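Here is what each chain is made of, one letter per residue.
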Amino acid sequence: MLPALVKESLPRLVRAIKLLPGDGRPDAAVILADELTGITAMVAEKFTNDRTADGIARALQLAVGGVSLGLEQVLSVDSDAAALDFLVDNGAEAAFQAGFRLIKDLAAMPEDSLVGEYDQDPVYAQRRLRDLFVDICLADPNQNWNGHERYQVLLKQRKEVQAIVRLAGWLRRHHDNGPVTDTDLNAEGVIALAIIFAVEGGGRIVARTGQKEFERFVKAVRKAKPDFEAGWAALVAKVPVQHHAVLLDRIAVYRSNCTVLQHIPGRTAMKTLFAELENYAGSELEADYG
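Predicted model, so just to flag it, every value in this text is computed and none were measured. (Residues numbered from 1 in each chain as written. Predicted model: local features only at pLDDT ≥ 70, side-chain atom pairs only at ≥ 80, totals over all residues. Heavy atoms only, no water.)

Draft legend 1. Examining the overall build of the chain more closely. Secondary structure assignment for the chain yields 13 helices and four strands. In terms of overall dimensions, the chain is more spread out than a globule: its C-alpha atoms have a radius of gyration of 26 Å, far above the 19 Å expected for 290 residues. Taking the intrachain contacts of the chain between residues at least 6 apart in sequence as the baseline, contacts between residues at least 24 apart amount to 70%. Looking at the chain, you have 33 positive and 40 negative side-chain charges, and the mean spots of the two groups are 8 Å apart. (Helix = DSSP H or I, 4+ residues; strand = E, 2+ residues; numbered from the N terminus. Rg over C-alpha atoms; globule rule 2.2 N^0.38 Å. Contact = heavy atoms within 4.5 Å. Lys, Arg positive; Asp, Glu negative; His and termini not counted. Charge placed at Lys NZ, Arg CZ, Asp CG, Glu CD.)

Draft legend 2. Local environment of the nonpolar core. Counting 45 residues, the largest nonpolar core has Leu171, Ile196, Phe214 and Phe217 as its most contacted members. Counting residues per element, this core draws most heavily on helix H8 (residues 187-198), which supplies 10 residues. Excluding its chain neighbours within four sequence positions, the residues that come into contact with isoleucine 196 are Phe217, Tyr254, Cys258, Val260, Leu261 and Leu277. Leu20, Leu36, Leu69 and Leu132 belong to the second-largest nonpolar core, a separate cluster that totals 44 residues. (Core = buried A, V, L, I, M, F, W, Y, C linked by side-chain atoms within 4.5 Å. Buried < 20%, exposed > 50% of the residue type's maximum accessible area, 1.4 Å probe, protein only.)

Draft legend 3. Looking closely at the pattern of salt bridges. Summed over all chains, the structure comprises 21 salt bridges. Salt bridges sharing common partners tie together Arg12, Arg15, Glu72, Asp78 and Asp80. (Salt bridge = Lys/Arg side-chain N within 4 Å of Asp/Glu carboxyl O.)

Draft legend 4. Inspection of the environment of arginine 208 at higher detail. Summarising the element assignment, arginine 208 is placed in the loop between H8 and strand S3 (209-210). With relative accessibility at 13%, the residue arginine 208 sits in the buried group. When the C-alpha atoms of arginine 208 and leucine 285 are compared, they prove to be 6.0 Å apart, with 77 residues separating the residues in sequence. Ignoring anything within four residues of it in the chain, the contact list for arginine 208 reads Arg172, His175, Val180, Asp182, Leu193, Glu284, Leu285 and Glu286. Side-chain polar atoms of arginine 208 contact the side chain of aspartate 182, separated by 2.9 Å. Among the polar contacts made by the side chain of arginine 208, one reaches the main-chain carbonyl oxygen of glutamate 284 at a distance of 3.0 Å. (Polar contact = N/O pair within 3.5 Å; in protein donor to acceptor, adjacent residues only side chain to side chain.)

Draft legend 5. Seen up close, unusual backbone geometry. You will see that aspartate 27, though not glycine, has its phi angle at about 65°, which is positive. Within the element layout of this structure, aspartate 27 appears in the loop between helix H1 (12-17) and helix H2 (28-47). Of note in the backbone geometry, lysine 225 takes a positive phi value of approximately 50° without being a glycine. Classification of lysine 225 as exposed rests on a relative accessible area of 67%.

Draft legend 6. Structural view of the environment of phenylalanine 228. With respect to the element layout, phenylalanine 228 can be found in helix H10 (residues 228-238). The sequence separation of phenylalanine 228 and arginine 173 amounts to 55 residues, and the corresponding C-alpha distance is 24 Å. Apart from residues lying up to four places away in sequence, phenylalanine 228 is in contact with Val199, Val221 and Leu261.

Draft legend 7. A look at the environment of glutamine 73. Assignment of secondary structure puts glutamine 73 in helix H3 (residues 53-74). For glutamine 73, a relative accessible area of 40% puts it in the partly exposed group. Linking glutamine 73 and glutamate 286, residues 213 residues apart in sequence, is a C-alpha distance of 46 Å.

Right, here's the structure in full:
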């Protein structure tokens, strides 16, 4: 059996530097080396230990990855020659700053649809930024690096989570009984409540509830036997269009898989139904029975 062919994919910065011997621009190599030294020193001071050889070596790898990530972002073509042109014309610092901005913006996006006060803590935010920077940008100059591909995967994931959190935030602000202002947010729980309660009809937005209100809701649905689809259509009509993709996706899921909605029309005990609701809404339920 022939060995699998492995395509070399060194960090973009390294691939651009390899073209320097054939580049005729005076002092390009000297200026680039000086800039990379400065970036490495800055990274060592802020993100590693600038008093040890290991810290400097790690800072160099982060500098290589940071500049390479920035180059992948700013280049309009997949070209090592274009990368070298950018470095000579604009400087390695510009590429590094472009890469670091990507990491900073990514770190500011929610990782999870469970959002708490801890997520807003500046110390935690700084730690999250540092961890992402290391995770994506640590690049051995002599080995293949996929930091840009990893960044794209994480960006897609976090955009999806952000869309969920933003829909839940809108629903909370437009809760029928007044805005819900808690710091902690179970975004999926908020969306679940809104979709479940929407089947009653009337266009009410429910982003928080308790057992008493849920019992009233179940009795009303069992008596009136409303058209669930009409209730969901009324909810969608109230929600801004930028949130429709997430909302329609969740409605599709709940239409076929929500045990609460499946059991409401029957004779399932109220206690059992509320226990099932807890599985969907979680911490977004109020404890209104002592």
